[in-house]
Amino acid sequence: MAVHLAARGGVDLGGTKIQAIVADGAHKVLGQARQPTPTEGGPPAVIAALERALREAAGQAGIEPSELLGVGIGAPGAVDTEAGTLAQAGNLPDWRDPYPLASELGGRLGTAIRLGNDVQVATDAEFTLGAAREFSSLLGVFWGTGVGGGIVLDGRPWAGLGAAGEIGHIVVKRDGAQCPCGRRGCMEAYAGRRAMEGRARKAVEEGHKTHLFKIMEEKGRDRLTSGIWARALQRGDDLAGKLIDEAIEAIGVAVASANNLLDVQAIIIGGGLGVRFGEPFARRIEDAMMPHLFVDHRPPVVRVAELGDLGGALGASLLVTR
Ligand SMILES: [Zn+2]
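Residues numbered from 1 in each chain as written. Predicted model: local features only at pLDDT ≥ 70, side-chain atom pairs only at ≥ 80, totals over all residues. Heavy atoms only, no water.

- In the annotation of an unreviewed UniProt entry, the protein chain is listed under the name ROK family protein and assigned to Baekduia soli.
- According to the UniProt record, the Sequence similarities (unreviewed entry) comment for the protein chain reads "Belongs to the ROK (NagC/XylR) family." (UniProt positions renumbered as here; feature names shortened; annotations may be inferred.)

This is the structure in structure tokens:
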């Protein structure tokens, strides 16, 4: 029973799924549940899905939600931790204006809710429990639909005025490719999964051949997932290989630029593509980084994130202990 006193919840609130966990004081996962993220219905629908996921995870752990020490939520968009509001969450349905997520969900569950940025909490999880445990400074690079980043300096998360860590929007080429953010030449314009898909479609329109979209059909998907990119590379697809080469080059340049400024001990590569491609691609990113490092005789350690699918939710649960 004593362990229940320190039990807390954590949620990774993503654009496609909501992953909830309940963990004990030693960070052991006691229960976990997943819900699809609603595509309509606005904040109330998302909050109802969050409540379902948390009640299910708590039920598995044999705990009432109201007995939890609190629940942390890693959310996309603009998080105001003090006010407990979330705004401009583009991947969530009709979620633009600040909405009081913490008080609404807290009232339903009978426990305190703390909000954090999704990428920053995933970085914190790797720092506290995962691949960067022995370091006090690191840069987390989450290579997925977009490319997000999180920063830990001197053992503390660095959020700046609230928007630090946007490594995907470091400019790697002036007046370069169009980025989903609306600007040009950002690293994400070359490396983000969504942007790479756009580049692949454009290349096909221009007459280039690729298996990417055939594999997508075979798998019954409507977008180029990390698994589809991996399969195309296995088949020796030239276009996929070229686009991935450009992505890795862009990530290497951006990581080196960020490190020239911050001089951290470790770079942790996570995210859907980062974890899917794993260790060999972490080495390729390291190789792409090296020529651009100002101090290259003691480069940062480059590692793949360790915590996998539950990393975001575990990191969110740490918000309760901070
Ligand atoms: Zn951008």
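**What to know about the overall build of the protein chain**
Right, so step 1: Assigned secondary structure in the protein chain consists of eleven helices and twelve strands.
Right, so step 2: Seen through its C-alpha atoms, the protein chain measures out along the principal axes to roughly 60 × 45 × 35 Å.
Right, so step 3: A separation threshold of at least 6 residues defines the contact pool for the protein chain, and within that pool the share at least 24 residues apart is 60%.
Right, so step 4: Of the accessible surface of the protein chain, which amounts to about 14700 Å², a share of 50% is contributed by carbon and sulfur atoms.
Right, so step 5: A distance of 3 Å separates the average location of the 34 positive side-chain charges in the protein chain from that of its 38 negative side-chain charges. (Helix = DSSP H or I, 4+ residues; strand = E, 2+ residues; numbered from the N terminus. Contact = heavy atoms within 4.5 Å. Areas by Shrake-Rupley, 256 points an atom, 1.4 Å probe, with all protein chains shown as cover. Lys, Arg positive; Asp, Glu negative; His and termini not counted. Charge placed at Lys NZ, Arg CZ, Asp CG, Glu CD.)

**A closer look at the packing of helix H8 (residues 226–234) against helix H9 (residues 238–262)**
Right, so step 1: Their axes nearest at 8 Å, the elements H8 and H9 cross at an angle of 120°. Crossing handedness for the pair H8 and H9: left-handed. Contacts between H8 and H9 involve Trp 229, Ala 232 and Leu 233 on the former and, on the latter, Ala 240, Gly 241, Leu 243 and Ile 244.
Right, so step 2: Per-class residue counts for the contact of H8 with H9 are six nonpolar, one polar and no charged. (Axes fitted to C-alpha atoms, helices over the stretch in contact; angles between N-to-C directions. Left-handed = near helix turned anticlockwise from the far one by under 90°. Nonpolar A, V, L, I, M, F, W, Y, C, P; charged D, E, K, R; others polar.)

**A word on the side chain of Thr 123**
Right, so step 1: Along the polypeptide, Thr 123 turns up in helix H4 (residues 118–128).
Right, so step 2: Residues within four places of Thr 123 in sequence aside, it is in contact with Leu 138, Gly 140, Phe 142, Gly 150, Ile 151 and Val 152.

**Re the environment of Pro 65**
Right, so step 1: Within the element layout of this structure, Pro 65 appears in the loop between helix H2 (42–61) and strand E4 (71–75).
Right, so step 2: Exposure remark for Pro 65: the relative accessible area of 6% places this residue in the buried category.
Right, so step 3: Each C-alpha atom of the pair Pro 65 and Gly 207 lies 56 Å from the other, and the pair is 142 residues apart in sequence. (Buried < 20%, exposed > 50% of the residue type's maximum accessible area, 1.4 Å probe, protein only.)

**Points about helix H10 (residues 271–289)**
An α-helical turn contains 3.6 residues, so any two residues separated by three or four positions project in the same direction.
Right, so step 1: A rise of 1.5 Å per residue sets the reference length of H10, with its 19 residues, at 27 Å; its end C-alpha atoms lie only 18 Å apart and thus fall more than 12% short of the reference.
Right, so step 2: Along its length, H10 shows its largest kink, about 110°, at Gly 278, and proline Pro 280 lies within four residues downstream of that point.
Right, so step 3: Along H10, the residues classified as buried are Leu 273, Gly 274, Phe 277, Gly 278, Phe 281, Ala 282, Ile 285, Glu 286, Ala 288 and Met 289. (Expected span 1.5 Å × (residues − 1). Bend = angle between axes of the 7 residues up to and from the residue.)

**Regarding the pattern of salt bridges**
Right, so step 1: Under the definition given, this model contains 15 salt bridges.
Right, so step 2: The network of salt bridges with common partners includes Glu 51, Arg 55 and Arg 108. (Salt bridge = Lys/Arg side-chain N within 4 Å of Asp/Glu carboxyl O.)

**Quick look at the sheet that holds strand E9 (residues 147–153)**
Right, so step 1: The five strands are arranged E10-E9-E8-E11-E12 in an open sheet whose pairing can be described as mixed. With partners counted over all chains shown, the strands left at the sheet margins are strand E10 (156–157) and strand E12 (301–304), one partner each.
Right, so step 2: By the bridge criterion, five bridges tie strand E8 (residues 138–143) to strand E11 (residues 266–270) in an arrangement that is parallel. When the bridges of E11 are listed, Phe 142 appears paired with Gly 270.
Right, so step 3: Relative to the sheet, H10 contacts E8, E11 and E12, its axis offset from that of E12 by approximately 160°. (Pairing = 2+ DSSP bridges.)

**Structural notes on the nonpolar core**
Right, so step 1: Grouped together as the largest cluster of nonpolar side chains are 50 residues, with contacts concentrated most on Trp 143, Ile 167, Leu 212 and Trp 229.
Right, so step 2: Not counting residues up to four positions away in its chain, the partners in contact with Trp 143 are Ala 191, Ala 247, Ile 248, Ile 251, Gly 270, Gly 271, Gly 272, Leu 273, Gly 274, Phe 277 and Ile 285.
Right, so step 3: Ranked by size, the runner-up nonpolar core spans 32 residues in total, among them Ile 47, Leu 54, Ala 89 and Leu 92. (Core = buried A, V, L, I, M, F, W, Y, C linked by side-chain atoms within 4.5 Å.)

**Things to note about the pairing of strand E1 (residues 8–13)**
Right, so step 1: In terms of burial, E1 is largely enclosed, as five of its six residues are buried.
Right, so step 2: Where E1 folds back onto strand E2 (residues 17–23) in an antiparallel hairpin, the turn is made up of three residues.
Right, so step 3: Pairing of E1 with E4, which is carried by four bridges, proceeds in the parallel orientation. Bridge pairing in E4 places Val 11 opposite Ile 73.

**Digging into the sheet that holds E4**
Right, so step 1: Spatially, the five strands line up as an open sheet ordered E3-E2-E1-E4-E7, and their pairing is mixed. Each edge of the open sheet carries a strand with a single partner, namely strand E3 (29–36) and strand E7 (113–117). In this sheet, adjacent strand axes meet at a mean angle of 15° when their direction is disregarded.
Right, so step 2: Here H2 sits on the sheet in contact with E1, E2, E3 and E4, set at roughly 150° to E3.

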